[in-house]
Amino acid sequence: MKKIFFLFCFLMLPVLLTAQTTDFKSLSDEWISQLTLEEKAKLVVGMGMRFPGMPRNDAPVVGQVTDKVAGAAGSTFAVPHLSIPGMVVADGPAGLRISPVRNQDSTKFYYATAFPIATQLASTWDTTLVKAAGKAIGTEVLEYGVDIILMPALNLHRNPLCGRNFEYYSEDPLVSGWMAAAMIKGLQSNGIGTSIKHFAANNQETNRNSIDTIVSERALRELYLRSFEIAVTQAGPWTVMSSYNKINGLYASESHDLLTKVLRDDWHFKGFVMTDWFGGKDPVAQMKAGNDLLMPGRPEQTSAIVKAVNDGTLPLEVLDTNVKRILDVLLQTPAAKNYKYSDNPDLKAHAQIARTTAAEGMVLLKNQDTVLPFKDVKNIALFGNSSYEFVTGGTGSGDVNEAYSIPLEKALGEAGYVLDDSLKKTYTIYMRETKAKLPKPRNFFAPRPPVPQMPPPIEQIGKLSKSADIALITIGRNSGEFADRKPENDFNLEDAEQQLIDAVSAAFHKTGRKVVVVLNIGGVIETASWRDKADAILLAWQPGQEGGYPVSDILTGAVNPSGKLASTFPVDYKDTPSAKNFPGSPPDKPDSVIYEEGIYVGYRYFTTFDVKPAFEFGFGLSYTRFTYSDPVIPETYSDPLPVKITITNSGTTPGKEIVQLYLSAPDGKLEKPAVELRAFAKTKLLQPGESQVITFILCQRDIASFDTQRTAWIAEKGKYRVKIGASSLDIRQEGKFRLPKELIVEELTKSLSPRVAIYELKK
Ligand code: BGC
């Protein structure tokens, strides 16, 4: 029997992957002593963006760093007389975002691999896999001459309608934090940097540049800051990107509490902070807060900084500190090391990684009568727009320019299935003609308006329900930066989608045939009203450029699904605890959003208030079964606390299981959610009958809650129930330990206090 340890001990040991070695220090200090004030002010302001008419921080110099990588998001100022190079930064997070074409040259392309979206990576619950994906993405960053990739993005899924949820991992800070840490380690193992974003509490796109997020210190510390804390302390990202929004009245990029007290004093972050693009208002306040680099950079920001130093409102030491943090990181970059990049990463190898990772992150939501994997299926009737135009990822700065993407019908065809040609023709013509009539996107980032679902082709449905072996319906969604989704026709199905499911289900079930629905979506949708009409539902997410291949791998049984939900699927949008405070008030043009649900986000709410979700956090089916046995849970807490469980594949197909450890902490002075995820692990591929012992290690911080009054992490004395299960509602083994005396785990400085009373949800 194999044994495996999963260390979830949250150690406050900063990972010193940043540029703080003695040699680097002395060189950057030497540079600072030789830089003029103007040069310093230019170093803390990026070089601008390549938009027509957009002023740049400096006159473009031919061959200067901004010309190096077309389509990169920005770059920093170079000082040739001191041999200080510029750095190039480019977007993620589903892969490297650069322009595939340069100077209208049609002989050489600079494509990057589109990996599965972050939500899908989180659904793998596999940090090893995520690290490997990060390593592959990082190779492309390095080989295309980029120094820092603007990822991972790890804001929480506070509300299913956030347009950028696909870029983020989960509703839970532990999953988000550990996924991000794995991703950072993989990326940075290439000697390139990351910028974790968007710090912090940036959970919506509506009025993102000015919205004031009003949130309690406890919710911040336990949820919205926690994922970043894990990423910073466990993986040492080189840089952090501050978010657009305000937190309790102050812009994140102007908040000394956030960027100095929390990030640097509490978490010991050693790198530099950059703004989100055009974020914040006051460059001098940003410098003072510890926001070292203003991106993409505007000349008036440089002038304001020079002026403030000259008139004494910005102490030179503050600016020198900002400059030094940037130079310390710069010294580690490929640019500083004069790395000879190839412009030729191994895209073929990365495509394979994208395919495997995507399959591991797909979640089987329903499998009535084990309709999947396909048995005795040859002819498939393939319905739904996105069966023919698969959505590979979201839109905006998180959209990767990949060389190709694989539609589902192509993948199924290659796997040997026969698809109906006339149906394909009907959909193709409809898509082409409807697309031509749609309005053009508002700007080059804005999502293309979706092609409304084709009304059900009733005649073809009737015919195919007698000739095809099975029906497959794909429901697709896309969203991205600048806009949040809506409950109507997005969270909820469009009428034509409902009608399609109704018509196909009625016709195929009448002839004794099965119906499978594939969800090709980037965020949570409504499923409760229609799920009974499908025999199987596969949540394929937006799986990156390999698109249909990993879906077909699961449908055919080449891969046994092992993904689980990292965010709750509610029955109704209104069941979401933040629904009445999203996107804020006034609702049409909100200037503030109050997080009245407090710590009760996602499953913390659904389990505590006993609200039944459609599919709960942590849920996902497999083609096999697992038993949980022989839990070993010590009776009294000692630090660190080992917890063991044995997982056995009791079915007939090899498979992997995601094992979740939840804690129900005692209510004392602080009330606690019914359950909180404190550790998780994915088994290896277990053969039928094979077992694996998993050992989780819990440290003091893993059992603590944040006490606002004392500004400290506290573990209250009492009985802690340990619940080990296959999902947040499917607990398979339970035990308890006692903590005889309260533990003051960590005392911090008071930061980010709300300026108004928040009437938070209580149990
Ligand atoms: C986005 C960031 C992105 C930046 C640069 C902003 O609009 O919010 O996530 O990194 O643009 O493209």
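What counts as what
- Residues numbered from 1 in each chain as written.
- Predicted model: local features only at pLDDT ≥ 70, side-chain atom pairs only at ≥ 80, totals over all residues.
- Heavy atoms only, no water.
- Helix = DSSP H or I, 4+ residues; strand = E, 2+ residues; numbered from the N terminus.
- Rg over C-alpha atoms; globule rule 2.2 N^0.38 Å.
- Buried < 20%, exposed > 50% of the residue type's maximum accessible area, 1.4 Å probe, protein only.
- Contact = heavy atoms within 4.5 Å.
- Core = buried A, V, L, I, M, F, W, Y, C linked by side-chain atoms within 4.5 Å.
- Domains from an automatic or database assignment.
- Near = heavy atom within 4 Å.
- Polar contact = N/O pair within 3.5 Å; in protein donor to acceptor, adjacent residues only side chain to side chain.
- Nonpolar A, V, L, I, M, F, W, Y, C, P; charged D, E, K, R; others polar.
- Axes fitted to C-alpha atoms, helices over the stretch in contact; angles between N-to-C directions.
- Parallel < 35°, antiparallel > 145°, perpendicular 65-115°, else oblique.
- Left-handed = near helix turned anticlockwise from the far one by under 90°.
- Salt bridge = Lys/Arg side-chain N within 4 Å of Asp/Glu carboxyl O.
- Pairing = 2+ DSSP bridges.
- pLDDT = per-residue confidence, 0-100.

(A) The arrangement of the overall build of the protein in detail. Counting secondary structure elements, the protein contains 20 helices and 27 strands. Scaling as 2.2 N^0.38, a compact globule of 763 residues should have a C-alpha radius of gyration of about 27 Å, and the protein matches this with 26 Å. C-alpha extents for the protein along the principal axes are approximately 80 × 70 × 50 Å. Among the 763 residues that make up the protein, the fraction classed as buried is 63%. Sequence separation of 24 or more characterises 79% of the internal contacts of the protein that already satisfy a separation of 6 or more.

(B) Focus on the nonpolar core. Counting residues in hydrophobic clusters, the biggest one holds 83 residues, and the most contacted among them are Phe 199 and Tyr 224. Split by domain, this core shows at least three residues from each of two domains, domain 1 (35–99 + 109–330) and domain 3 (623–747). Non-local contacts of Tyr 224, meaning those with residues more than four positions away in its chain, are made with Leu 156, Arg 158, Ala 201, Asn 203, Val 215, Ala 219, Tyr 595, Glu 597 and Val 601. Leu 408, Ile 501, Ile 525 and Leu 538 belong to the second largest nonpolar core, which has 71 residues in total.

(C) Highlighting the site of the ligand. In the vicinity of the ligand, 13 residues are found, and the nearest of them are Asp 91, Arg 164, His 198, Asp 276 and Glu 481. For the ligand, an oxygen atom lies 2.4 Å from a polar atom in the side chain of Asp 91. Taken together, the residues that form the shell around the ligand break down as 5 nonpolar, 2 polar and 6 charged.

(D) Summary view of the packing of helix α4 (residues 127–143) against helix α5 (residues 173–188). Remark: α4 packs on α5, axes separated minimally by 6 Å, with the N-to-C direction vectors making an angle of 40°. Here α5 runs oblique to α4, going by the angle between their axes. Along this stretch, α4 crosses α5, giving a crossing that reads as right-handed. Residue-level inspection shows Thr 127, Val 130, Lys 131, Gly 134, Lys 135, Ile 137 and Gly 138 of α4 in contact with α5, the latter providing Trp 178, Met 179, Ala 182, Met 183, Lys 185, Gly 186 and Leu 187. Of the residues assigned to the contact of α4 with α5, the class counts are 7 nonpolar, 4 polar and 3 charged.

(E) Structural context of the pattern of salt bridges. Across all of its chains, the model carries 44 salt bridges by this definition. Between Glu 229 and Arg 701 there is a salt bridge whose closest N-O contact spans 2.9 Å. Placement of Glu 229 in helix α7 (residues 226–235) and of Arg 701 in the loop between β22 (691–698) and β23 (705–707) is noted, with a sequence separation of 472 residues between them. Taken individually, Glu 229 and Arg 701 each receive the classification buried, so the pair is uniform in this respect. The partner of Asp 730 in a salt bridge is Arg 732, with the nearest N and O atoms 3.0 Å apart. For Arg 732, a relative accessible area of 35% gives the class partly exposed.

(F) Here's a closer look at the packing of α4 against helix α12 (residues 347–360). One can describe the packing of α4 onto α12 by two numbers: an axis separation of 10 Å at closest approach and a directional angle of 150°. Classed by the angle they form, the pair α4 and α12 counts as roughly antiparallel. Relative to α12, α4 is oriented so that their crossing is left-handed. Of the residues in α12, those touching α4 at Leu 129, Ala 133, Ala 136, Thr 139 and Glu 140 are Leu 347, His 350, Ile 353, Thr 357 and Glu 360. Each residue belonging to the contact of α4 with α12 can be placed in one class, and the counts come to 5 nonpolar, 3 polar and 2 charged.

(G) Spatial organisation of the sheet that holds strand β3 (residues 88–91). Ordered by their spatial adjacency, 6 strands build an open sheet running β2-β3-β4-β5-β7-β10, and the pairing between neighbours is mixed. Looking at the sheet topology across the chains shown, the edges are occupied by β2 (74–75) and β10 (272–274). Where β2 lies against β3, 2 bridges are found, and the strand directions are antiparallel. Each bridged residue has a counterpart across the sheet, and for Gly 74 the counterpart in β3 is Val 89.

(H) Geometry of the side chain of Ser 195. Inspection of the secondary structure assignment puts Ser 195 in strand β5 (residues 193–199). What makes Ser 195 buried here is its relative accessible area of 0%. One polar contact links the side chain of Ser 195 to the main-chain amide nitrogen of Met 241, over a distance of 3.5 Å. Sequence-distant contacts of Ser 195, defined by excluding residues within four places in its chain, comprise Ile 148, Ile 149, Leu 150, Met 151, Pro 152, Thr 239, Val 240, Met 241 and Met 274.

(I) Helix α6 (residues 217–224), seen in detail. Buried residues dominate α6, accounting for 8 of its 8 residues. Among the residues of α6, those classed as buried are Glu 217, Arg 218, Ala 219, Leu 220, Arg 221, Glu 222, Leu 223 and Tyr 224.

(J) Representation of the confidence of the model for the protein. On average, residues of the protein carry a pLDDT of 94, and 94% of them reach 70 or more. For the protein, per-element mean pLDDT is lowest for strand β1 (residues 2–7), which scores 56, and highest for strand β11 (residues 363–367), which scores 99. Within the model, pLDDT remains below 50 along residues 12–22, and this stretch shows 33 contacts once partners closer than five positions in the same chain are excluded.

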